[in-house]
Each structure stands twice: as C-alpha cells, then as structure tokens.
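Each chain, written out:
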Amino acid sequence: MEPSSSTAISTPTPTPTPTPTETETESQTDAAAAAAAAAMGGARLIVVSNRLPVTLEQKGSDWSFKLSSGGLVSALSGLKREMSFTWVGWPGKDFGAEDRAKIDRLLGENSCSAVYLDDETAEQYYNGFANSILWPLFHYHPGEMMFEEAAWGAYQRANAAFAAALAAVVEEGDLVWIQDYHLMLLPRMLRELLDGSGRGGVKIGWFLHTPFPSSELYRILPVRRQILEGVLAADLLGFHTYDYARHFLSSCTRILGLATTGDAVDAAGRVVRVGTFPIGIDPGKFSEALRTDAVRRRLGELERRFAGERVVVGVDRLDYIKGVPQKLLAFEQFLSQQQQQQQQQQGAGGGGGEGAAAPAAPAAPAERVVLVQVAVPSRGDVEEYRQLIGSVNELVGRINGRFGTVEYTPIHFLHRSVAFAELVALYAVADVCLITSTRDGMNLVSYEYVATQAQRHGVLVLSEFAGAAQSLDGALIVNAWNIEEVAGALAHALAMPAAQREASFRTLHRYVARHTAAAWGAGFIAELTRVCRAADAAALLPPLPAPAAQAAFRAAARRLLVLDYDGTLSATRTIPEFARPSPLALRALQRLADAPGALVYVVSGRTRADMERWFRGVGVGLAAEHGLFYRHPPAAAAALGLAAGWLGLPAPADPLWRDAVLPLLQHYAARTPGSFVELKEAGVTWHFRNADPEFGEWQASELRANLERVLAHRPLAIVCANKAVEVRPARVDKPAAVRAIVAELPAVDFVLAAGDGRADEPVFAYLAQEFAHVPLFTATVGRKPTAARYYVQDVDAVLSLLAKLTE
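Criteria and cut-off values
- Residues numbered from 1 in each chain as written.
- Predicted model: local features only at pLDDT ≥ 70, side-chain atom pairs only at ≥ 80, totals over all residues.
- Heavy atoms only, no water.
- Helix = DSSP H or I, 4+ residues; strand = E, 2+ residues; numbered from the N terminus.
- Polar contact = N/O pair within 3.5 Å; in protein donor to acceptor, adjacent residues only side chain to side chain.
- Buried < 20%, exposed > 50% of the residue type's maximum accessible area, 1.4 Å probe, protein only.
- Contact = heavy atoms within 4.5 Å.
- Pairing = 2+ DSSP bridges.
- Axes fitted to C-alpha atoms, helices over the stretch in contact; angles between N-to-C directions.
- Salt bridge = Lys/Arg side-chain N within 4 Å of Asp/Glu carboxyl O.
- Right-handed = clockwise from strand over helix to strand, strands pointing away.
- Parallel < 35°, antiparallel > 145°, perpendicular 65-115°, else oblique.
- Left-handed = near helix turned anticlockwise from the far one by under 90°.
- Nonpolar A, V, L, I, M, F, W, Y, C, P; charged D, E, K, R; others polar.

Caption draft 1: Structural view of the side chain of Thr529. In this structure, Thr529 sits in helix α19 (residues 517-539). Here Ile525 takes part through its backbone oxygen, which lies 2.8 Å from a polar atom of the side chain of Thr529.

Caption draft 2: Structural view of helix α15 (residues 420-429). With 8 of 10 residues buried, α15 lies mostly within the body of the structure. Where α15 is concerned, the buried positions are Glu422, Leu423, Val424, Ala425, Leu426, Tyr427, Ala428 and Val429. Residues of α15 that are buried in the fold lie against α11 (283-289), α12 (293-305), β12 (309-317), β13 (368-376) and α16 (445-451).

Caption draft 3: The arrangement of the sheet that holds strand β4 (residues 85-90) in detail. With mixed pairing, the 9 strands of this open sheet are ordered in space as β5-β4-β1-β6-β7-β8-β11-β10-β9. At either end of the open sheet lies a strand with only one pairing partner, and these are β5 (112-114) and β9 (259-261). Strand-to-strand twist in this sheet, taken as the mean axis angle between neighbours without regard to direction, amounts to 20°.

Caption draft 4: Broad picture of the side chain of Ser132. Looking at the secondary structure, you find Ser132 in helix α5 (residues 119-138). Assessed through its relative accessible area of 9%, Ser132 is described here as buried. Engagement of the side chain of Ser132 in a polar contact is seen with the backbone oxygen of Asn127, the distance being 2.5 Å. Not counting residues up to four positions away in its chain, the partners in contact with Ser132 are Asn127, Glu144, Met145, Met146 and Arg379.

Caption draft 5: Examining the environment of Tyr790 more closely. Mapped onto the fold, Tyr790 is located in strand β29 (residues 790-792). Residue contacts for Tyr790: discarding those within four places in its chain leaves Leu541, Pro542, Pro543, Leu544, Pro545, Leu776, Phe777, Thr778, Ala779 and Thr780.

Caption draft 6: Broad picture of the pattern of salt bridges. Under the counting rule described, the total for this entry stands at 36 salt bridges. The shortest N-O distance in the salt bridge between Asp174 and Arg44 comes to 2.7 Å. Of this pair, Asp174 sits in the loop between α6 (149-167) and β6 (175-179) while Arg44 is found in the loop between α1 (22-40) and β1 (45-51), placing the two residues 130 residues apart along the sequence. Arg317 is paired through a salt bridge with Asp319; the nearest N and O atoms lie 3.0 Å apart. The class of Asp319 is buried, set by a relative accessible area of 1%. Put simply, Arg188, Glu192, Arg225 and Glu229 are held in one network by salt bridges that share partners.

Caption draft 7: Summary view of the environment of Asp293. Mapped onto the elements of the fold, Asp293 is located in helix α12. In sequence terms Asp293 and Ala421 are 128 residues apart; their C-alpha atoms lie 9.7 Å from each other.

Caption draft 8: Representation of the pairing of strand β15 (residues 432-435). Covered by surrounding structure in β15 are Val432 and Leu434 together with Cys433 and Ile435, the residues of both alternating faces. Sheet topology note: the β15/strand β16 (residues 459-463) ladder contains 4 bridges and is parallel. If you follow Cys433 over to β16, its bridge partner there is Leu460. Following the backbone out of β15, through α16 and into the adjacent parallel β16, one traces a crossover that is right-handed.

Caption draft 9: Region of the structure containing the packing of helix α21 (residues 583-594) against helix α28 (residues 795-805). It is at 9 Å that the axes of α21 and α28 come closest, and there the two elements cross at 30°. If you check the angle between α21 and α28, you find them roughly parallel. Seen from above, α21 lies across α28 with left-handed handedness. Contact residues: α21 offers Leu584, Ala585, Ala588, Leu589 and Leu592, while α28 offers Leu799, Leu802 and Leu805. Looking at the contact of α21 with α28 residue by residue, the class counts come to 8 nonpolar, no polar and no charged.

Caption draft 10: Inspection of the sheet that holds strand β25 (residues 716-721) at higher detail. Spatially, β23-β24-β26-β25 is the arrangement adopted by the 4 strands of the open sheet, whose pairing is antiparallel. Taken across any chain shown, the strands that pair with only one partner, and hence form the sheet edges, are β23 (676-679) and β25. Averaged over neighbouring strand pairs, the angle between their axes works out to 15° when direction is ignored. Relative to strand β26 (residues 724-729), strand β24 (residues 684-687) is paired through 4 bridges, and the arrangement is antiparallel. From the neighbouring strand, Trp686 faces β26, where its bridge partner is Val725. Where helix α24 (residues 657-671) meets the sheet, it contacts β23, β24, β25 and β26, and its direction lies at approximately 10° from that of β24.

Next comes the structure, spelled out in structure tokens:
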C-alpha cells in the first residue's frame with residue numbers, strides 16, 4: 001500500500017498555502033472598524049464586561065496597570081483606533097477610598113472606568129450565581145446548578161452597581177455594548193436610569209458568549225422571567241449561532257408570551273432585534289508568531305522529539321463542558337482498534353503446517369500516534385471540578401499503562417497553562433487537532449489551530465456541540481458523545497491524503513482569515529447602529545398629546561370616538577369569557593357617553609351577546625363581530641333620529657357555508673391541545689392562544705391553506721388574527737363598519753380612534769382621509785409602524801387618556 005505523504009513528521013512537508021499577510025488582515029480589520037465608526041457618526045462606544053481588561057499592580061503608594069490579553073481586547077483593538085472608547089468593568093477586588101481615587105484617576109487616563117463591588121457581593125454574584133447557576137444551565141448541565149436566594153440577591157446588587165456606574169459616565173447618543181451572562185439584568189436597570197434622566201437616546205447592545213439553552217431547559221431557572229426581561233431592554237441582542245438565537249426567541253415566546261419573528265422580539269410594542277455574530281480570532285498574531293525565533297526553535301525541538309510519530313493536539317480549559325474525558329475515551333478506542341488491526345495483520349502473516357509456503361514477512365508496525373493534551377486548570381476549589389480532575393488523571397494513567405512502552409507514551413498530559421510561544425509550536429507540530437466539547441459557545445482553539453497550519457495542512461476534528469462547527473466548513477464534524485464515531489474520525493484524519501487535507505485547509509483558512517475578532521466587533525457595532533437608526537425612525541411617532549386632545553374635545557360640539565376593545569380597552573385574555581371590561585374601563589366609557597355631543601363606539605370581534613352583556617347600561621355604541629353588527633349609542637340615536645337596535649352589514653347569500661368549515665376547525669381543535677372553536681352569529685373562530693406557541697402557529701398556517709382550498713369561490717374571508725384563525729363574510733371588517741356608522745352620523749368636529757392590531761390600521765387610514773379638516777387623534781397601542789398619528793403605551797394609558805378627556 002502506498003504510504004501517506006504525512007506518515008511521520010520527518011517526511012517532507014507540503015508546499016505552504018499562501019495566506020493573507022498581517023498587513024492585509026490588519027487593513028481588512030481597519031476597514032471594518034472604519035465602516036463601523038462612520039456608521040456611528042462620531043458617537044462614543046462604551047464596552048461593559050464583568051472584568052476590566054487590565055491587571056492592577058501596587059508599588060508602594062502608587063498604582064500601575066498592564067493590559068490583559070483576551071478575546072474582547074483583540075476583538076475591539078481595531079475599533080479603538082477609529083473611535084472614542086471607554087471600558088467599564090470590575091477591577092478584580094475591592095479597594096479603600098484612598099486607593100479608589102488613585103485607581104479611578106489612572107483608569108480614566110486610559111479610557112477605563114471601574115465598578116466597585118464589596119468582596120462578598122462579588123463572590124456571590126460571580127461564583128454563586130453567574131458561574132454556579134447560569135453557566136451550567138446555559139451549557140446543558142442543570143444537575144450542577146445550585147440556586148440560592150442569597151446568590152440571586154448578589155447578582156441583582158452587582159448588576160445595579162454596574163447600572164449606577166454606567167449612568168455616571170454615559171452621555172446622550174452613546175452606544176453601550178454589554179457582554180455576557182454576568183450582566184443580563186443590566187440592560188433593563190440601565191435603561192430605567194437613563195430614561196429617568198432624559199437620556200433615552202442611548203443605544204444598548206448585549207452579546208452572549210456562551211450557548212443559550214433550549215426553552216425546555218431554560219424554563220427550569222427559578223428567575224427565568226427576570227433574566228429575559230432584563231436583556232429585552234437592549235436594542236440588539238447578539239449570539240454566536242442561529243441555534244442560540246432561536247432558543248432565546250423560543251424562550252421569549254413560551255415563557256413571556258411575546259410575539260417573535262426570526263430576528264426580533266415584540267416586547268410590549270418595542271421591537272428588540274436579535275442577530276448572530278460568530279466571533280473570530282486575530283490570525284495574524286499566530287502567523288507572525290510562527291516566524292519568531294522562539295517559536296521556530298521550539299518547533300524544531302518538538303519535531304525532533306516526536307520524530308516518527310503522528311501528533312494529535314488538544315487544548316482545553318479543564319471544565320466539564322470541554323469533553324476531555326470523552327476525548328481520552330475516544331483516543332483509547334482508537335489505540336485499541338489500531339492494536340487489533342496490527343495483531344490481525346501479524347496473525348495473517350503467520351506460517352501454516354508441514355508443506356506450507358514460506359511465511360510472509362512480518363507486517364510493519366502501526367505508526368505511533370500521540371495525544372498532547374493541554375488542560376488549563378479551572379476552578380479547582382469547586383468539588384465538581386476536583387472530581388473531573390481525578391477522573392481525567394485516572395484515564396490518562398490507565399491509557400498510558402495499557403498502551404505505553406518504555407519508548408512510547410501515548411498521552412502527554414499538561415495540567416497547566418502554557419506560554420504563547422509553546423502553544424503556537426504545539427499547534428504547528430500537530431497533524432490533527434481534536435476538539436470534543438460537549439457544549440461550547442464557540443471554541444476558538446479550532447480557529448487558532450487553523451491559523452498555524454499553512455505548512456502542515458493539519459486536519460481539524462470538531463465536536464458538533466461547539467458553536468464553531470456551524471462556521472468551519474472543512475472540519476470533520478463529530479458527535480462528541482459517540483466514542484466510536486470520534487475514534488473513526490481520528491483514524492480518517494490521520495489517513496487523509498495530502499490533496500484533501502490541503503483543500504480542507506484552504507476552506508477553513510479562508511473563513512478564519514476573513515471572520516476575525518475585530519471584524520466581529522465592527523460588525524456588531526455597525527448592526528447596532530443600523531438597528532437603532534431604524535428604531536429612531538419609528539420613535540418619531542409621538543405619544544398622543546393628552547392636553548391637546550382634552551382641549552380639542554372640550555372645544556368641540558359633536559365628538560366621535562372609535563375604540564377597539566381587546567388590547568385597547570381590555571388586556572387580551574386567553575379565554576373569551578374572561579375578557580369582560582374592568583370597572584375602570586366602564587366608568588371611563590360612561591363618563592364619555594354622558595358628555596354632551598359625544599358619540600362613543602366600541603368595536604370588537606366579540607359576539608353581540610357578549611357585547612350586550614358587558615356594556616349593558618353604558619350608553620355607548622357597539623360594533624360586534626368586527627362590525628358585521630352595529631348599533632348607535634341609545635341616547636344619540638334618540639336625539640339624532642338614528643335607527644335604534646342592531647343593524648348589520650350585508651351577509652353572504654349561502655348560510656350553509658359553516659357546515660363545510662366547522663368540521664375542519666373542530667378537527668384542528670382536537671389535534672392541537674389548548675385550542676378551541678368559538679361559534680359566532682356570522683362567523684367561526686379557531687383560537688390557539690393556549691396552545692404550544694410554535695405548534696399552534698404551524699397548525700394555523702396549515703389550517704389556513706386547507707380553508708383556502710375548501711372555501712374557494714365563496715364570498716368569505718379567512719382572517720389570521722392574534723393567535724386565532726377566523727372565517728367570516730367577505731367585506732365585513734372594521735373599516736366597513738366605521739364607514740357605515742359615519743355615513744349615518746351628522747357632521748362631527750372632533751375624532752379620536754385607538755386600536756392595537758393590524759385590523760385597526762385601515763380604520764386609521766380611512767379616518768385620516770375622511771376627517772382631514774377636523775381635530776383628529778388616531779393612536780396605536782404600543783410604539784410600532786402604523787398609519788396612526790400617535791401612540792399610547794398600553795391599556796392603562798388608554799383608560800387614563802379617556803378619563804382625562806372628561807376631567
């Protein structure tokens with residue numbers, strides 16, 4: 001069999017693949033940063049993280065600091081050259097008042113600002129809640145969670161301290177970028193402080209550097225609502241992959257009951273955008289290091305040490321999410337299979353009995369493969385981590401004892417951090433990088449390995465549970481829990497032909513070189529700026545001016561008020577029978593109806609029976625079933641000579657259409673738990689508000705398609721309302737009812753209309769055209785794109801406005 005071109009380190013290495021130079025990479029980074037800066041229009045960027053990117057040192061009575069290394073520092077280095085930049089975070093410990101003054105002055109001179117926490121709060125907030133509750137939950141290890149009210153209280157206090165510190169430095173128009181799970185309450189806390197001080201124009205982004213778990217797992221968190229509501233005060237939420245974003249959106253729907261799309265959450269009328277921004281590294285840092293004398297010298301030493309052996313490298317923090325035990329078990333399985341194959345080859349070459357042919361030459365020994373595993377210590381004071389260390393040490397000893405010899409040690413286990421030059425040399429000497437994370441936000445070791453492989457074209461074996469697996473096309477993707485699969489992928493990687501290795505490397509390196517850490521930072525800032533500009537355009541919609549409306553109402557002789565019911569006068573209820581108006585709403589409507597010259601109409605999709613029962617004795621006009629039936633206010637009808645009792649819009653000629661529709665809707669009600677069918681006089685509605693949100697939407701889409709087929713060529717309308725699908729006569733809707741009502745009324749000199757849904761938009765448009773020359777106040781509930789002239793915040797604000805009109 002022809003040997004592989006990479007049988008041993010001593011064989012000639014492939015021709016290096018041309019890669020972008022550091023200058024090219026830096027110019028790409030600068031260009032992205034410059035574009036982000038231009039989009040910001042001179043606004044300041046404030047980055048907020050749990051820790052400041054500095055290490056403070058005391059010399060006598062003076063303080064100094066050095067810049068820490070880290071992903072965020074690298075990611076934002078290009079941005080810092082292009083825009084004003086302040087970093088806010090915890091300095092690492094508490095300090096006395098005298099030291100704080102010196103540290104604040106020192107940090108301020110270097111565009112940093114400290115958030116001080118007392119030691120107990122810092123410990124409980126960081127280790128007690130963030131790392132003992134959110135970290136295991138977000139990485140699918142709920143069994144490691146230890147929820148304590150004291151830790152939750154510390155998490156709230158710490159986030160409040162960050163909010164107060166930020167409020168002291170943030171200015172109108174700034175961009176605030178909050179990092180990670182440590183600060184999930186901060187967006188809301190900060191927003192409340194800024195709005196209360198007239199700085200509502202500050203833009204807030206938040207990015208999660210870990211996975212976000214599925215909603216079924218996230219829902220076990222006792223403070224699940226508070227955490228979601230905390231981050232939803234931001235303008236843009238960022239995740240590494242769409243899977244994480246999708247899980248977050250699903251949690252918002254299932255836990256908070258909020259409407260979501262593929263990239264947004266409707267948070268009480270405020271649209272919060274959700275995006276995916278996979279982070280990268282600075283590849284030039286690694287390719288530059290490969291040319292240094294220190295790395296070249298160390299690489300030569302490693303090549304001589306592992307001559308005749310194939311090297312598999314693993315670099316992980318020793319954490320239960322990194323899958324180090326799974327990696328060791330897979331390597332043991334690989335060595336076992338290799339040993340079995342060698343024994344079979346030797347057995348096949350053995351001699352026979354008398355007269356047998358001469359024995360074949362003994363099979364060549366299998367090539368030796370070593371695993372160099374760097375395991376950076378992590379939280380050794382925690383019992384779970386101590387158990388993990390013991391388990392890993394036991395596995396390493398067992399495997400080396402089983403397969404090792406005096407000349408050969410299968411696993412080189414380094415339970416410590418290594419210097420950067422050593423790390424780069426290890427990457428460069430390795431034929432394969434093996435990553436078996438059981439759940440990982442991104443895992444940038446995969447990127448670092450690719451950045452060092454222009455010479456060797458090593459193969460990347462990557463767990464599908466690492467976020468990087470969704471970006472790095474060209475890697476061998478494996479299920480880290482399937483030991484056989486990982487062992488097979490390792491064997492495949494070591495036997496891969498040189499041409500295939502080079503092709504895979506080119507694909508991997510192209511992605512790593514383009515999607516750098518700085519490009520990630522610039523991309524998020526540019527998107528935050530774009531999102532906020534769109535939000536600013538929507539924010540041009542002003543709140544309804546209550547004093548002006550009150551003055552116009554009082555000055556008018558005849559006033560028309562058209563009010564939606566569900567979501568406007570009453571909060572939307574899951575069961576129709578529970579949607580009766582509150583005493584506050586009834587009092588406000590009665591006072592309006594009693595005002596001279598007031599014509600008040602409540603328009604709803606509810607039945608006539610419901611409307612009559614709920615508003616009995618209140619002198620308002622009613623429109624039921626979206627206007628199919630309507631009646632004028634009793635007093636106004638008598639005074640103006642209008643028809644008394646219920647009137648109706650034209651109904652379909654064929655009253656038997658429901659016989660074709662009802663069985664279909666009942667079928668979907670039976671197969672969709674939590675849904676039900678509501679029969680009305682002229683229509684029929686399938687409600688799924690209590691059903692599983694995602695399943696309900698899917699069933700609604702399927703139901704609509706079936707209804708369109710069944711009801712083709714019939715004069716009927718299929719309306720997808722808020723968590724409902726309704727079939728009703730065509731040309732029966734709110735605008736038609738309002739037009740019919742207005743046609744029967746004498747001239748009016750004041751109009752006010754309010755509604756919260758899509759069905760109200762045509763009403764707003766019609767009224768704007770019909771009453772262009774009288775005081776007109778149209779308002780949607782919640783700030784959003786609308787045909788209305790104004791907005792009111794919520795149901796309570798609507799009722800407050802109505803009460804003020806008659807004060």
